[in-house]
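Secondary and tertiary structure notes
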Amino acid sequence: MSSLQQLLAYAVVVYVGWRLLRSTVFRSPLDNIPGPKSDSYISGNMGKILDLHEAWAYQKEIVRQYGRLFSVYGLFNAKWLYTHDPRALHSIYVKDQDVFEESEILLQSFMLFLGPGLLATLGNQHRRQRKMLNPLFSAKHLRDMTPLFHDVVHRLEDALTSRVKDGPKELDMLGWMGRTALELIGQGGLGHSFDPLTEDVADDFTDAVKAYFPIQSHFSTLTRLMIPTLVKLGPAWFRRRVVEALPHGLTQRMKEVSDALEARSLQIVNDKKAALQGGDEALKQQVGEGKDIISVLLRENMVASEEDRLSDEEVVAQVSTLVLAAMDTTSNALSRILHLLSLHPDIQQKLREELTQARDDGTGKPRDLDYDEVMELPYLDAVCRETLRLYSPIRSLMRVARKDAVLPLSAPIRGVDGSLIDSIPVKKGLTIVTDVVGSNCDKGLWGDDAEEWKPERWLQPLSRALEDAHIPGVYSHLMTFIGGGRACIGFKFSQLEMKIVLAMLLPAFSFAISDKPIAWIAASVTYPSVGENSTKPEMPLVVTRLAS
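Summary of the structure given here. Note that this is a predicted model, so its numbers are computed, not measured. (Residues numbered from 1 in each chain as written. Predicted model: local features only at pLDDT ≥ 70, side-chain atom pairs only at ≥ 80, totals over all residues. Heavy atoms only, no water.)

Structural notes on the nonpolar core
Put simply, the rule reads: Put simply, a nonpolar core is a bunch of buried Ala, Val, Leu, Ile, Met, Phe, Trp, Tyr and Cys residues held in one set by side-chain atoms that sit within 4.5 Å of each other. For the exposure calls, accessible area comes from a 1.4 Å probe over protein chains only, and a residue counts as buried if that area is under 20% of its type's maximum, exposed if over 50%, partly exposed in between. For the purposes of this entry, the term helix denotes a DSSP run of H or I that reaches at least four residues, the term strand denotes a run of E that reaches at least two, and both are numbered from the N terminus. Only heavy atoms enter the contact rule, under which two residues are in contact if any of them lie within 4.5 Å.
Counting residues in hydrophobic clusters, the biggest one holds 142 residues, and the most contacted among them are M173, Y212, L407 and I424. For this core, the element with the most residues is helix α15 (residues 312-343), which contributes 14 residues. The residues contacting Y212, other than those within four sequence positions of it, are S109, F110, F113, L114, M254, V257, L261 and L324. Counting 14 residues, the second largest nonpolar core, distinct from the first, contains I62, V63, Y82 and V433.

Below is the structure:
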């Protein structure tokens, strides 16, 4: 072991010892909040909460046993809160959002691997970035991009047709949804084509994007929770030397992924700048003819005031951030819909009939739907909403109190000592796990069938209890895209993508389960795999071309 590795090991041992001592000797104001016992002196309950295979059952069990708010043990047995109480969520994400900020674990992870983009910044810097980006995700801008979406999905349809033209065939639909999502954000977001879809082309950036979340999910719980501390060990060049010295395959692969993302992002931004300087003719030669998000962002950035202008480093970071945020979440949500439709062929057929009728040009041939038409189809909307409700790609999020506060509750809970508690005093530095799945599946709000996939629930009025709960999500009383100042900026882009893909594929193909069992992995962004023990991202379905 080198002297550098020894120094790092000694520092970690001292820090761990101090944290363990503090958690066992000093009392916590959360000691009267009920919750599960710790499973580990190092990772508390987080090992089970973050377990790739067992997290689903564990989350359901602790919510069933302890309700909408309870305590859990985090890193080095520190007491954390775990909640999906509607009033608490409203305080965290809307009313007191400046008090309850993003967790350092996520912020530093994104800063380390992606740079100072929208996911890695706080306060004025984050607000400045959103101010520049918000208009680019508006319905008006998406209407202009809808024909581009159709062009990409037509190529997907051609690619699938070429593979099943001789009869039904098993295809990895997760792979195809990932390739399509990357090309859609590439053309619509970056004005750059990554994948022709009609042929297989190797690409370092594409491989890096696809590998990001699966690699990250394989880091140990301790490693992920320690990132905010590790990134403070000296200047950037020193940390780089430390990483390069580590004999750890996952670490080296993550470094390669981060380097590939940064290099291509820088190239894309430089190409866009050159095209802008070349004038209108140069822009017309670009993919999307300069209407993509990054091209528009660069144009607006050039004329922005000094206080609003983004630095070159921030603009480059937005490229990797937009691709990662848009690709895995949407492609995995689309894969989940296709999986569910394969399990429920009656719902698949009902949706196909709606789409076929809507796309009929009057002669029996399919036409492309415009933005408003595809967004307003009731059963398509119900299928998407219900899938995003029951199977959110993001299971939970963390927030940290930046100062002392009081967290209100919708209804009192009973403390360990038997007393009723209607609000929780929160100390600066407290970590709160906000349970997206728990909120979306709360039986007190969604009914006794909350854990069942029923698209029809969206075709009738929702319950008064749900309306009165004021869930702070930006989308359909759901926490899937969260809410407040850090709500998912691209949720309308994601909706449009899902609906156009489904509207064009379902009239052309049928999807059925194969003999390979599909299991969903509880990673940072959930994804499917084959069998209970595998973590390889894949989802084989039997695809059949339908008569036109």
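Regarding the pattern of salt bridges
To keep it simple, the criterion reads: When a carboxyl oxygen of Asp or Glu is within 4 Å of a side-chain nitrogen of Lys or Arg, the pair counts as a salt bridge.
Taken as a whole, this structure holds 31 salt bridges when the rule is applied. One network of salt bridges, with partners in common, ties together E386, R389, D449, E452, K454 and R457.

Quick word on the sheet that holds strand β8 (residues 431-435)
The cut-off we apply is this: A pair of strands is treated as paired once DSSP finds two or more bridges between them. A fitted line through C-alpha atoms serves as each axis, taken over the contacting stretch for helices, and the angle formed by two N-to-C directions is quoted from 0 to 180°.
Read across the sheet, five strands follow the order β1-β2-β8-β5-β3 without closing on themselves; strand pairing throughout is mixed. Strand pairing shows two members of the sheet lacking a second neighbour, β1 (69-73) and β3 (100-102), which therefore form its edges. The sheet shows a mean angle of 35 degrees between the axes of neighbouring strands, taken without regard to direction. Of the strand pairs in this sheet, strand β5 (residues 396-401) and β8 are connected by five bridges, and their pairing is antiparallel. Within β8, the residue paired with V400 across the bridge is T431. Here helix α4 (residues 86-95) sits on the sheet and contacts β2 (79-83), β3, β5 and β8; the angle it forms with β8, its principal contact strand, is near 115 degrees.

Focus on empty space enclosed by the protein
To find leftover empty space, a probe the size of one water molecule is rolled over the atoms. The condition that has to hold: Points on a 1 Å grid over protein atoms alone make up a cavity when a 1.4 Å probe fits among them but cannot get out, and a pocket when they form an open set with protein on both sides within 12 Å along at least five of seven lines; lining residues each have an atom within 4 Å of a point. Grid points are joined across faces, edges and corners, and a volume is the space filled by probe spheres set on the points. Any residue that is not Ala, Val, Leu, Ile, Met, Phe, Trp, Tyr, Cys, Pro, Asp, Glu, Lys or Arg is counted as polar, Gly included; the first ten are nonpolar and the last four charged.
Taken as a whole and judged by the stated rule, the model has two cavities of 30 Å³ or more. In terms of residue count, the dominant contributor to the lining of the largest cavity is helix α3 (residues 55-66) (four residues). If you add up the space inside the second largest cavity, you get close to 40 Å³. As for the second largest cavity, its lining consists of H150, R359, R367, D368, L369, V374, I500, A503 and M504. At three residues, the largest contribution of residues to the lining of the second largest cavity is made by helix α22 (residues 491-505). By residue class, the composition of the lining of the second largest cavity is five nonpolar, one polar and three charged.

Focus on the sheet that holds strand β12 (residues 540-545)
Taken together, the three strands give an open sheet; going across it, the order is β4-β12-β9, and neighbouring strands pair in antiparallel fashion. Strands at the two margins of the open sheet, each flanked by one partner only, are β4 (169-172) and β9 (509-513). Averaged over all adjacent pairs, the angle separating strand axes in this sheet is 40 degrees, with direction ignored. Bridge count for β9 against β12 is five bridges, and the pairing is antiparallel. Directly across from A512, in β12, lies its bridge partner V542. Packed onto the sheet, helix α7 (residues 139-164) meets β4, β9 and β12 and runs at close to 140 degrees relative to β4. Docked against the sheet, α15 engages β9 and β12, running at close to 80 degrees with respect to β9.

Some thoughts on the packing of aromatic side chains
Basically, it comes down to this: For this analysis, a ring pair means two rings from Phe, Tyr or Trp (six-membered ring only for Trp) whose centres lie within 6.5 Å, classed as stacked if their planes differ by under 30 degrees, edge-to-face if by over 60, and tilted for the remaining angles.
With the rule as written, the count across this model stands at twelve aromatic pairs. Geometrically, the ring pair formed by F149 and F493 is edge-to-face, given 5.1 Å between the ring centres and 65 degrees between the ring planes. Linking F149 in helix α7 with F493 in helix α22, this pair joins segments that are 344 residues apart in sequence. Ring geometry for Y475 against F481: centres 5.3 Å apart, planes inclined by 80 degrees, an arrangement best described as edge-to-face.

Concerning the packing of helix α14 (residues 293-303) against α15
The criterion, for reference: Roughly parallel means an angle under 35 degrees; roughly antiparallel means over 145; roughly perpendicular covers 65 to 115; every other angle is labelled oblique. The crossing is said to be left-handed when, going from far helix to near helix, the turn is anticlockwise and less than a right angle, and right-handed when the turn is clockwise.
Their axes nearest at 11 Å, the elements α14 and α15 cross at an angle of 160 degrees. Classified by the angle between their axes, α14 and α15 sit roughly antiparallel to one another. When you trace α14 past α15, the crossing you get is right-handed. Contacts between α14 and α15 pair I293, I294, L297, L298 and N301 from the former with V315, Q318, V319 and L322 from the latter. Partitioned by chemical class, the residues of the contact of α14 with α15 number seven nonpolar, two polar and no charged.

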